[in-house]
Amino acid sequence: MKRGPAEELLLLENSLAGICSGYKEVPDSGRERERERNTMEKVYTIWKHTFWPGDGDDFHYKVTSRSQKFTSFWSPKAPIELRPLTVVLHGPAGIGKTTLAKKWMLEWRQDKLPNTLKLTFYLSCKEMNRQGTCTFAELVSKTRVDMQEAEIPDQAQNILFVIDGFDELRVPSESLIHDICCDWKKQKPVPILLASLLKRKLLPKATLLVTTRPRALRDLRLLTEQPVFIEVEGLSEEGRRNYFLKHFADEDQALQAFEAMSSNPALFHMGCMPAVCWVTCTCLSQQMEQEQDLDLTCQTTTSLFLRFLCGQFTSTSASCPQGPLQAALRSACLLAAEGLWEQTSVLDREDLRSLGLKESDLRPFLDKNIIQENLDCEGYYTFIHLSVQQLLAAVFYILDSEKQNYGGSRRPNIGNLQMLLSKEERLKNPNLTHVGYFLFGLSNEQRSRELEMTFGCPVSLWVKQELLRSLSGELRRSSSGESEPFSSTTDVKEVLYCLYESQDELFVKEAMAHVREMSLHLQSKVDLVHSAFCLQHCQYVQKFSLQVERWIFLEDERILESETWEERYEHDDHILVFWMDLCSVFSSSENLSSLDVSQSFLSSSSVRILCDQITRAACHLQKVVIKNICPVDAYRDFCLAFVGKKTLTHLTLEGGAHSNTMLLLLLCEVLKHKTCNLQYLRLGSCSDILPQWDEFSLALIINQSLQFLDLTASELWDKGVTLLCATLKHPKCFLQRLSLENCHLTGACCKELSSALIVNQTLTHLCLANNDLGNGGVQLLCEGLSYPDCQLQILVLYKCNITRRGCKYIATVLQGDSCLTYLDLGLNPIARGLRFLCEALKKPDCSLKCLGLRGCSISTLCCQDLASALPSNQRLEVLDLAQNTLGRDGIMVLLEALKHSHGPLMILRLKMDEPNGEIQKLLQELKDSNPGLTIEYQNAGLTGPLLW
C-alpha cells in the first residue's frame, strides 16, 4: 500500500529525531554526514508541503522584544557580538514552532565556513521528563556521539542548542531557578542541567533556541538573560489560500473550501496553524464527496472538528460493531481530559497504565493518526492538534457518566463540570476555556446526535441544563448589580463565544433573558460574529454600549494595496451581514432605551444600517451618546435618524467632527421638529458653532422641550456668549441648565451673562468651570446674582482664577436674598478670602446647601474660620475640602467644632491619611454625637466639580 505524505513524514521525522537527539548512533564519516543532511532536508520539505505549503513568505513571525536584526540568529557568518545568544520561539500549539526550529537547525548545519565547527544539539523537553540524573557531559555525549568532551567548551560559539517544548517540563519552575549547576561533570536531574544552560552557567557562549507555548514565558524570562522573544504567527492569509490550492487537485474546489473556512472568522484565524488547515481541508474534502453543505460544516469550530472526527470513523463504524469503537472513544476522551487538566499535551505509557488503559484501547484513534506516538520520544503520545484534544475532553463530560469505568491504579486528575465552568479554574488553566466552547457546541442536539450515530455512545441529557443554569446565574448576578454590568471583559467574550458555538436560538434566548445592560468592545471580526448571533436573540436589554476597533469595517479613506476594490467591498458586504444581525437588537428588544457608541471606527455602510434600525418604529431609544467616531459623515447620518424621533430625550454628540456646517443644520432640524422631545443636548468640542448661530438660536427658541444645553469644550469665546445671552433673554427660551465649561471665556463676557441671569426666569444651573474669568468677571456676574429676580440655584466656578477679591464679591451675594444653594469654587486660590465666605455662612439668610472648596490652598490657619462658621450655619449639607493640606491641627479643630454642632451637615470631604489615635477617637465621638454626618477622606484624590 502506497504511503501518503503524512505517513511518509512520520517515518522520516522519526529518523530526523534520532539524528538530532542522538538516541540513534550518529555516523562519523563524511558520506554518512551527507546522508544525515539530506534526510533533514527531505523531512523539512515533506513537512512543508504537507502541513505548510507555499514559500517562506507565507509563514509569519515577529520579534516581540529586543530590536535586533533577527536574520543574524541562524547565520553563523554574523559576528558573534551581533548574534543574539538566546532566542525564544513562542506561540500556541500547532503553530509551527518545532518545525521552524528544525528548519533553522538545518540552515545552521549547512553553513560551510572554513575553520569553524557547526554543531546542533536537539533537546526534547518531553524526553527529559523521563530522564534520570546525569552530568551535562553525559547529556551532550548522548546527543552527539561524535563529539569529544574537550572540544565543546572551545567551540561553544559555533554550537546551537535547540530546547524544544520548554512548557512540557514536569518540574516546578522554582526548582529550576534555585538549583543551578555550574559544573558540567556533576550529576544533576536533566531539567536542572537545562536550566543551568539557560542561565548561562554552562557553555555561556553557545547559541540557544527555545520553543514554548505562551504559558511558560514568565519562567523563561526568569531563567534567561536578555533573550530575543519571537512570536510565531503561522500562515499568512495568502499562505492559507495557497495551502488550499495545493491540497485540492481541483482549483474550484480549493477556492470553494477556502471561502467556506473564511466565512467563519474564528476558524479562519485558527487557520494560521498548518495543522488546522490540514484538518479543514481533510474534512471539507469528505463533505464535497458526500455533497454536504460546506458553510454548515464551517459554521462553528465545534461543527468542523466534530465532522472531522466523525468522518474518520464513518466507514469503520458501518462495517464493524460500535462497542469497541465506543470503548476507544471513552479511552481517548479520558486521556484527553487528563492531559488538559495536567496541562500537558504529551502522555506516556505510564500515564496510560495508571488510568487503566493500554495502547490497544486507543488503536482506532492511533490508526487514524488522531492520537500519534510522539515523533521525538518513543512511548509518548500526543493528539494531532490541541483543538482535537480539547474536543475529546469536552466529549468526556457529555458521555453518560453511568457508563464511565475507571480501572486504573488511581482516579483521573479531572475536575467535574462545575470546576470546568468556574472562572478560577479557567484562569489557572486557559485551555479549559476552549473545552467549554466545545462543550456548548456539543450541547446542540444535531451535534450530539451525530456523535451518537458515529460511535454509538449515549449522551447525557442533564449537561445542557447544567450549562444553562451556570450561564444564567452569572448573567443574572451581573444584571442585578451584584457584580459589574455584563460588559466586554474576558467573561462576556467567553459567554458570547459559548452561546455562538451552541447555535441554538432557544438556548440563547433563555440564557440572555436576564441581561439588562450590555457593553461590547468589538476588537475583531470574531467578536462581531459572536455578538451578532447572541444580540439578535436578546429581547430584554435596556442599555447598550458599543465600541468598535479599526479594521473590522471597510473605511473609505483607507486603501489596502494587497486587495482590489472589488475584493474589499465583497469582504465588507460579508461583514455587514453580521452587523445587520447585531443591529437588529434595536427592533428585537422593545425595552432598549439607552445607546452609547464611543471610540469607534465604522464605515459609511455600517452607520447607515445602524441608523436605519434607529428610525424604525419599534426602536424606543431615549438616551443616545455618539462620541469620537469615524467616519466624519457618521454624525450627520445619526442626526438624520434622530429627526422626528419623539422618544429621544437625551442626546450627546461629541468628538472632533463637529466643524461641519451640514451637521449643525441637521441638528437644528432635529430641535425644530414638531415631535421633538429632547430635554438634554451635549455638543462637546464643537468648533464651528458661531457661523451657524442664527439657525441654532432659532432652533432653541422654537424648541419647547430642551432643558439642559451642554457646550463643554466648544469654541464659543466671548463673542459666542454674547450671541447665546441674546437667545437666553428671549421669552420663549426655556433652558434650565447651561454648561459652558472650558469654552475659552474671559471676564469680558460676564456682563452679558449677568444681564441674561436677570431677564431669564427659567435658568437655574450654570457651569462656567475652566474659564479664565478672574475677579473682574466674578464681580460682573455677582451683579446679576444679587438681583431678586435671578433664579440661579447652582453655580460652578471651578478653576476660574478667582482669588481673595472675588470671594468678597461672592460673599456679598450669599448674605443677600440669593437663590444660590450650590457653589463650587474648587481649584481657585481663595485661601485668603475664605474668611469672607465663612462670615456669609454665619448669616441666617445664607441659603447655601453645598460648598465646593477642593484644592483651594486652604491651610491649617484657615480652619479656625470654618470651625467658627459651621456650628452656627443651619443649611449647609455638603462641604468639600479635599486636596487641601489642612494638617493634623486643622482637622482636629474642624472635628471638635462639628462635635458640638447640631447643624444639617451630612457630608464632609477631607484630605487626610489614615487617622491616628487621637483623630480616630474624635471621629468615633463625632459618629456617636452626629450619626447623620459622613466624613469621607479616602476620596480626597478625586478631581472635578462636586455634583455637576
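Draft legend 1. Layout of the packing of helix H11 (residues 251–262) against helix H13 (residues 274–289). Across the interface, H11 lies against H13 with an axial gap of 10 Å and an inter-helix angle of 115°. Once H11 is placed against H13, the crossing between them reads as right-handed. Packed against H11, whose contacting residues are Gln253, Gln256, Ala257, Ala260 and Met261, the element H13 presents Thr280, Leu284 and Met288 at the interface. Of the residues assigned to the contact of H11 with H13, the class counts are five nonpolar, three polar and no charged.

Draft legend 2. Spotlight on the environment of isoleucine 810. Within the element layout of this structure, isoleucine 810 appears in helix H37 (residues 804–815). The spatial distance from the C-alpha of isoleucine 810 to the C-alpha of glutamine 779 is 7.9 Å, given a sequence separation of 31 residues. In contact with isoleucine 810, not counting residues within four places along its chain, are Val778, Cys782, Leu797, Leu823, Leu825 and Leu837.

Draft legend 3. Spatial organisation of the sheet that holds strand S10 (residues 371–373). What the three strands build is an open sheet, ordered S9-S11-S10; its pairing is antiparallel. Of all strands in the sheet, those bounded by a partner on one side alone are strand S9 (346–348) and S10. For this sheet, the mean angle separating the axes of adjacent strands, direction not counted, is 35°. Note that S9 and strand S11 (residues 380–383) share three bridges and pair antiparallel. Each residue of the ladder has a partner; that of valine 346, found in S11, is threonine 382.

Draft legend 4. Structural context of the nonpolar core. Phe365, Leu392, Phe544, Trp579, Phe696, Leu740 and Leu853 are the most contacted members of the largest nonpolar core, which totals 258 residues. Among the elements that line this core, the one with the most residues is helix H16 (residues 322–341), at 11 residues. In this view, phenylalanine 544 contacts Met518, Leu520, Leu535, Leu582, Val585, Phe586, Leu592, Ser594, Leu595 and Asp596; residues no more than four positions away in its chain are not counted.

Draft legend 5. The side chain of serine 600, seen in detail. Tracing the chain through its elements places serine 600 in strand S14 (residues 594–601). On the basis of relative accessibility, which here comes to 1%, the residue serine 600 falls in the buried class. A polar contact is formed between the side chain of serine 600 and the backbone oxygen of serine 598, at a distance of 2.9 Å. Apart from the residues within four sequence positions on either side, serine 600 is in contact with Leu546, Gln547, Val548, Asn628, Ile629 and Cys630.

Draft legend 6. Expanded view of the packing of aromatic side chains. Across all of its chains, the model carries 20 aromatic pairs by this definition. When the ring of phenylalanine 244 is compared with that of phenylalanine 258, the centres are 5.6 Å apart and the planes differ by 70°; the resulting orientation is edge-to-face. Here the residue phenylalanine 244 occupies a position in helix H10 (residues 237–247), and phenylalanine 258 occupies one in helix H11, the gap between them amounting to 14 residues. Take phenylalanine 244 and phenylalanine 258: they sit in the same class, and that class is buried. Here the aromatic residues Tyr243, Phe244, Phe248, Phe258 and Phe268 are joined through ring pairs into a cluster of three or more. One Lys or Arg, arginine 221, reaches over the ring of phenylalanine 229 and ends 4.7 Å from the middle of that ring.

Draft legend 7. Summary view of the pairing of strand S25 (residues 907–910). With four bridges connecting them, strand S24 (residues 878–881) and S25 associate as parallel partners. Looking at the pairing, valine 878 lines up with isoleucine 907 of S25. At this point the chain moves from S24, through helix H40 (residues 887–899), to the parallel S25, and the crossover so formed is right-handed. Where S25 lies against strand S26 (residues 934–936), three bridges are found, and the strand directions are parallel. Its bridge partner lying in S26, leucine 908 is registered against isoleucine 935. Each parallel crossover has a hand, and the one from S25 via helix H41 (residues 917–929) to S26 is right-handed.

Draft legend 8. Quick look at the pattern of salt bridges. On inspection of all chains with the given rule, the structure shows 29 salt bridges. Among the salt bridges present, the one from aspartate 710 reaches arginine 682, with a minimum N-O distance of 2.7 Å. Of this pair, aspartate 710 sits in strand S18 (residues 708–710) while arginine 682 sits in strand S17 (residues 680–684); the two residues are 28 residues apart in sequence, bridging distant segments of the chain. Using a relative accessible area of 5% as the deciding quantity, one classes aspartate 710 as buried. Note that lysine 842 and glutamate 839 form a salt bridge whose closest N and O atoms lie 3.3 Å from each other. One end of the pair is lysine 842 and the other is glutamate 839, both in helix H38 (residues 834–842) and three residues apart, which spans about a single turn.

Draft legend 9. Region of the structure containing the packing of H10 against H11. It is the contact of H10 with H11, at a shortest axis distance of 8 Å, that shows an interaxial angle of 135°. Classified by the angle between their axes, H10 and H11 sit oblique to one another. Relative to H11, the crossing made by H10 is right-handed. Side by side, H10 and H11 meet where Glu237, Arg240, Arg241, Phe244 and Leu245 of the first sit next to Glu251, Ala254, Leu255, Ala257, Phe258 and Met261 of the second.

Draft legend 10. Examining the side chain of asparagine 703 more closely. Relative to the assigned elements, asparagine 703 resides in the loop between helix H33 (693–702) and S18. In this structure asparagine 703 comes out as buried when scored by relative accessible area, which is 5%. A polar contact of 3.0 Å, which involves the side chain of asparagine 703, links it to the backbone oxygen of leucine 671. The residues contacting asparagine 703, other than those within four sequence positions of it, are Leu671, Cys676, Leu678 and Lys732.

Draft legend 11. Inspection of a positive patch on the surface at higher detail. Among the surface-exposed residues, Arg804, Lys808, Arg832 and Arg835 lie close enough to one another that they form a single positively charged patch. Along the polypeptide, arginine 804 turns up in helix H37. You can call arginine 804 partly exposed: its relative accessible area is 33%.

Draft legend 12. Main features of H40. End to end, H40 covers 18 Å across 13 residues, agreeing with the expected 18 Å (1.5 Å per residue, within 8%). Those residues of H40 not exposed but buried are Gly890, Ile891, Met892, Leu894, Leu895, Ala897 and Leu898. Elements in contact with the buried residues of H40: helix H39 (863–869), S24, S25, H41 and S26.

Here is what the cut-offs are and how they apply
- Residues numbered from 1 in each chain as written.
- Predicted model: local features only at pLDDT ≥ 70, side-chain atom pairs only at ≥ 80, totals over all residues.
- Heavy atoms only, no water.
- Axes fitted to C-alpha atoms, helices over the stretch in contact; angles between N-to-C directions.
- Helix = DSSP H or I, 4+ residues; strand = E, 2+ residues; numbered from the N terminus.
- Left-handed = near helix turned anticlockwise from the far one by under 90°.
- Contact = heavy atoms within 4.5 Å.
- Nonpolar A, V, L, I, M, F, W, Y, C, P; charged D, E, K, R; others polar.
- Pairing = 2+ DSSP bridges.
- Core = buried A, V, L, I, M, F, W, Y, C linked by side-chain atoms within 4.5 Å.
- Buried < 20%, exposed > 50% of the residue type's maximum accessible area, 1.4 Å probe, protein only.
- Polar contact = N/O pair within 3.5 Å; in protein donor to acceptor, adjacent residues only side chain to side chain.
- Phe/Tyr/Trp six-rings, centres within 6.5 Å; stacked < 30°, edge-to-face > 60°.
- Lys NZ or Arg CZ within 6 Å of the ring centre and 35° of its normal.
- Right-handed = clockwise from strand over helix to strand, strands pointing away.
- Salt bridge = Lys/Arg side-chain N within 4 Å of Asp/Glu carboxyl O.
- Parallel < 35°, antiparallel > 145°, perpendicular 65-115°, else oblique.
- Patch = residues over 30% accessible without salt bridge, like charges linked within 9 Å, V, L, I, M, F, W, Y side chains within 5 Å.
- Areas by Shrake-Rupley, 256 points an atom, 1.4 Å probe, with all protein chains shown as cover.
- Lys, Arg positive; Asp, Glu negative; His and termini not counted.
- Charge placed at Lys NZ, Arg CZ, Asp CG, Glu CD.
- Expected span 1.5 Å × (residues − 1).

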